[in-house]
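The chain contents come next:
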Amino acid sequence: MRDRRYDRAALLLWLTALAVVSVMIAAHPAERSVTPVFHLAVVRWWMREPLYADFRGFHYLPQFALLFTPFHALPSPAGDIIWRLVSIGVCVAGIRAMIARLAP
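Residues numbered from 1 in each chain as written. Predicted model: local features only at pLDDT ≥ 70, side-chain atom pairs only at ≥ 80, totals over all residues. Heavy atoms only, no water.

### Digging into the packing of helix H1 (residues 4-27) against helix H4 (residues 78-102)
Relative placement of two packed helices is described by the angle separating their axes and the distance separating the axes. Running from N to C, H1 and H4 point in directions that differ by 160 degrees, and their axes come no closer than 9 Å. Considering the angle they form, H1 stands roughly antiparallel to H4. At the point where H1 passes H4, the crossing takes the right-handed sense. Contact residues: Trp14, Leu18, Val21, Ser22, Ile25 and Ala26 in H1; Asp80, Ile81, Arg84, Leu85 and Ile88 in H4. (Axes fitted to C-alpha atoms, helices over the stretch in contact; angles between N-to-C directions. Helix = DSSP H or I, 4+ residues; strand = E, 2+ residues; numbered from the N terminus. Parallel < 35°, antiparallel > 145°, perpendicular 65-115°, else oblique. Left-handed = near helix turned anticlockwise from the far one by under 90°. Contact = heavy atoms within 4.5 Å.)

As structure tokens, then:
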């Protein structure tokens, strides 16, 4: 039988990391973050301007700006925090699906 203590410990570590990052973002939304670049890309997308003209560099497919639009529409830093929560959720769902396929 599988020991669930490791699962709980891993979940606690992830939640702690997310809480720390969320507090950091709430305190200083633009500090040590790439989300300002994402916000700029969204603005440029909807203004039909070049996404890749900024010196900070936007290194994603253009469709990413469209996908980030709902998070840009939310007030900062709430949108940035929710973006990270959704990103982690998608990542965890993908890992769980991969493990489920590989498990005997």
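There's more to say after this.
### Side note on the confidence of the model for the protein
Considering every residue of the protein, the mean pLDDT works out to 89; 97% of them sit at 70 or more. Model confidence for the protein, summarised as mean pLDDT per element, is weakest for H1 at 89 and strongest for helix H3 (residues 62-73) at 95. (pLDDT = per-residue confidence, 0-100.)

### Let's talk about the nonpolar core
Judged by nonpolar contacts, Val37, Phe38, Ala41, Val42, Leu51, Phe58, Phe64, Ala65, Phe68, Phe71 and Trp83 together constitute the single largest core of eleven residues. Apart from residues lying up to four places away in sequence, Trp83 is in contact with Thr35, Phe38, Phe64, Phe68 and Phe71. (Core = buried A, V, L, I, M, F, W, Y, C linked by side-chain atoms within 4.5 Å. Buried < 20%, exposed > 50% of the residue type's maximum accessible area, 1.4 Å probe, protein only.)

### Observations concerning unusual backbone geometry
Most peptide bonds adopt trans geometry, and most residues besides glycine take a negative phi value. A cis amide bond, omega 5 degrees, links Ser76 with the succeeding residue Pro77. With respect to the helices, strands and loops of the structure, Pro77 is situated in the loop between H3 and H4. A positive phi is found at Arg32, a non-glycine position, where the angle reads about 50 degrees. Position of Arg32 relative to the elements: it lies in the loop between H1 and helix H2 (35-46). Non-glycine residue Arg48 carries a positive phi angle of around 60 degrees. In this structure, Arg48 sits in the loop between H2 and H3. According to the relative accessible area criterion, Arg48 is exposed, its value standing at 79%.

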